[in-house]
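Fold and geometry: a report
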Amino acid sequence: MGEVDDINISPEGPDAETAVASGTAFDLSSPTKSLSRSPRTPEFMTPLASPMKKAIASMQSYLEEAAQFTKLDPQDAWLPITESRNGNGYYATFHMLSSGIGVQALVLPLAFTALGWIWGIVCMSVVFVWQIYTLWLLTQLHESESGTRYSRYLQLSMAAFGEKLGKLLTLFPTMYLSGGTCVTLIIIGGGTMKIFFQIACGTRCHANLLTTTEWYLTFTCSAILLAQLPNLNSIAGVSLIGAISAVCYCTLIWAESVRKGKPTGVSYHPIKSQSDKASLCSILNALGIIVFVFRGHNLVLEIQGTMPSSTKNPSSIPMWRGVKVAYTIIATSLFPLAIAGYWAYGNLIPANGGMLDALHKYHGHDTSKVLLGFISLLIVLNSLTSFQIYAMPVFDNLESRYTRKLNKPCPRWLRAGLRASFGCLAFFISVALPFLPSLAALIGGFALPVTLAYPCFMFILLRKPKRYSTIWCLNWGLGLLGMVISVLLVMGALWKIVTMGIEIHFFKPK
């Protein structure tokens, strides 16, 4: 997968060597040498000379461009990520907004309880700028100088680190980010469905309420039905709905929280721990939450892989344009949410539900039920749409195993069956491990290298910048710093789980 062969247009046959040896072969890299003038060629221009010369020049230009085209792996046309390559910058913006803003953003104010005002804003800003830089690296690495397109994060990793090491480093984190996020979306989406139903029905429907497990199943069935759209480009409209809903509920939650004012007992002093180790672990846990909110780099190459590309119009141009628009909107959504949320609730922010639980807990009695229901509906819509884009790499991986083995595309019934099977597996895990969202800091630690470290190393290995140059030193520094922070975040999250504990309840979703 991902390997391509350049089209060879050099002369072949028994006379090729003679032609090359005598210098009569076409040299496409030099227009002045490609058509050698015979000694008998007159210097004056005949009436047909000018049009003929233009035609030959046009043909030569075409051949030069064709020489740089690449033959894509035919299996790419059978897989859901690269099945359609008519994407554009608008589609990229929709996909990145849908995957870049989600319910995980609602726990951002929780990081400020350990970091405080200044360090909370500084850490958020640093991580945001850092991940913008690594996004730029990935968009540049999508197409190699030889013309190879890496339309999957795993392919790029294998090209940079080698097949075995590339799989070892990125297969688990990327699949965990995709599959784990889908499980989390079932838990949050199903739970919010239950809240929406309770708000809509009020006191009239308590006798007929579904259990939490049944709401998870309802959400999963809806997600599986929506997952039957064939490829990544086909869900661009779905991602647009998800993007709009995410921006709307983030804005509504922080705006309503600020409008209602602070509840009694709000404090902005960072929570003091009993020991220095506990304080350090709390800070690392807060950093893990911030990193987890800004995850999503495992989808960047996949999104860019849906775009057409040529030597004159590489896909990196519309992709980077879409990234800039998307992350401008993301910044204007997440920074106010974190800052206003911490201002409104301070250290009273709930540890699990974040801003949504805080709004219901402190202002649910005097907030319009219509507004609360609308916010819940937006969260459900965003969860359903985000499920599609995060599940797409898993669908692609499952189908690629079939196409490699049988060398033919998956029939529709098998594609539908694979996607339904993945949905059922994600549903089972969500019921078995309903406490998974409380592991956001630990997941952020595992995801950090994919977002902030590996792109720096891959750029050095593939583009080979001059040793000790500015770009070489910058990428080595950021890559090593990212790996160190990742180890510290995982250790801090594990230490906090061991010392403080989390509420674990297998097969008992609440």
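Quick look at the structure, then. Everything numeric here is computed off the predicted structure, so don't read it as measured data.

Scoring rules and cut-offs
Residues numbered from 1 in each chain as written. Predicted model: local features only at pLDDT ≥ 70, side-chain atom pairs only at ≥ 80, totals over all residues. Heavy atoms only, no water. Helix = DSSP H or I, 4+ residues; strand = E, 2+ residues; numbered from the N terminus. Buried < 20%, exposed > 50% of the residue type's maximum accessible area, 1.4 Å probe, protein only. Contact = heavy atoms within 4.5 Å. Areas by Shrake-Rupley, 256 points an atom, 1.4 Å probe, with all protein chains shown as cover. Expected span 1.5 Å × (residues − 1). Bend = angle between axes of the 7 residues up to and from the residue. Axes fitted to C-alpha atoms, helices over the stretch in contact; angles between N-to-C directions. Parallel < 35°, antiparallel > 145°, perpendicular 65-115°, else oblique. Left-handed = near helix turned anticlockwise from the far one by under 90°. Nonpolar A, V, L, I, M, F, W, Y, C, P; charged D, E, K, R; others polar. Salt bridge = Lys/Arg side-chain N within 4 Å of Asp/Glu carboxyl O. Core = buried A, V, L, I, M, F, W, Y, C linked by side-chain atoms within 4.5 Å. Patch = residues over 30% accessible without salt bridge, like charges linked within 9 Å, V, L, I, M, F, W, Y side chains within 5 Å.

A separate point is the overall build of the protein. Helix and strand counts for the protein come out as 17 helices and two strands. Looking at the protein residue by residue over its 510 residues, the buried ones come to 49%. By sequence separation, contacts in the protein at least 24 residues apart represent 84% of the contacts at least 6 residues apart. Of the roughly 24700 Å² that the protein leaves accessible, carbon and sulfur atoms contribute 66%.

Given a rise of 1.5 Å per residue, 39 residues ought to cover 57 Å, and the 55 Å separating the end C-alpha atoms of helix H7 (residues 163-201) matches this to within 8%. Most pronounced at Thr-170, the bend in H7 amounts to some 35°, and the proline Pro-173 follows within four residues. Downstream of H7 by a residue or two, Gly-202 has a phi angle that is positive, lying close to 70°.

With that out of the way, let us pick up the environment of Gln-104. Note that Gln-104 resides in the loop between helix H4 (89-100) and helix H5 (108-141). For Gln-104, a relative accessible area of 8% translates into the label buried. Linking Gln-104 and Thr-181, residues 77 residues apart in sequence, is a C-alpha distance of 9.8 Å. Contact partners of Gln-104, with chain neighbours within four places excluded, come to Phe-292, Val-293 and Arg-295.

A few words now on the packing of helix H9 (residues 236-260) against helix H13 (residues 354-363). Where H9 meets H13, the closest approach of the two axes is 10 Å, and the angle between their N-to-C directions is 30°. In terms of axis orientation, H9 runs roughly parallel to H13. The way H9 lies across H13 gives a crossing that is left-handed. When H9 is examined against H13, the residues Ile-253, Trp-254, Glu-256, Ser-257 and Lys-260 are found in contact with a partner set consisting of Met-355, Leu-356, Leu-359 and His-363. Counted by class, the contact of H9 with H13 contains five nonpolar, two polar and two charged residues.

One can find Gly-202 in the loop between H7 and helix H8 (212-226). For Gly-202, a relative accessible area of 29% translates into the label partly exposed. Taking the C-alpha atoms as reference points, Gly-202 and Lys-369, separated by 167 residues in sequence, lie 9.4 Å from one another.

Moving on: the pattern of salt bridges. For the structure on display, the rule yields ten salt bridges. In this structure, Glu-83 and Arg-415 form a salt bridge, with 3.3 Å as the shortest nitrogen-oxygen distance. Taken together, the positions of Glu-83 in the loop between strand S2 (70-71) and H4 and Arg-415 in helix H15 (residues 412-432) put the pair 332 residues apart, joining distant regions of the chain. Among the residues examined, Glu-83 registers a relative accessible area of 30% and is labelled partly exposed. Residue Arg-415 is classed as buried on the basis of its relative accessible area, which comes to 12%. The shortest N-O distance in the salt bridge between Arg-149 and Glu-143 comes to 3.8 Å. Each member of the pair, Arg-149 together with Glu-143, is buried. Each of the salt bridges in this network shares a partner with another, and the network as a whole consists of Asp-76, Arg-85, Arg-152 and Asp-396.

Moving on to the nonpolar core. Formed by 119 residues in total, the largest nonpolar core has its most connected members in Met-96, Tyr-249, Ile-290 and Met-458. The greatest single-element share of this core, amounting to 15 residues, is contributed by H5. For Met-458, the residues in contact, after removing those within four places along its chain, are Leu-138, Leu-141, Tyr-153, Leu-156, Ser-157, Ala-160, Phe-161 and Arg-463.

It is at 8 Å that the axes of H7 and H8 come closest, and there the two elements cross at 110°. Taken together, the axis directions place H7 and H8 in an arrangement best described as roughly perpendicular. Crossing of H7 against H8: the hand is right-handed. For the pair H7 and H8, contact is made by Leu-185, Ile-186, Ile-187, Gly-189, Gly-190, Gly-191, Met-193, Lys-194 and Phe-197 and by Thr-212, Trp-215, Tyr-216, Thr-218, Phe-219, Thr-220 and Ser-222, respectively. Class assignment for the residues of the contact of H7 with H8 results in eight nonpolar, seven polar and one charged.

A contiguous nonpolar patch, built from Phe-196, Ile-241, Phe-374, Leu-377 and Leu-381 and spanning about 400 Å² of accessible area, is present on the exposed surface. Ranked by the residues each element gives to the nonpolar patch, the list is headed by helix H14 (residues 369-406), at three residues. Looking at Phe-374, the relative accessible area reads 40%, which means it is partly exposed.

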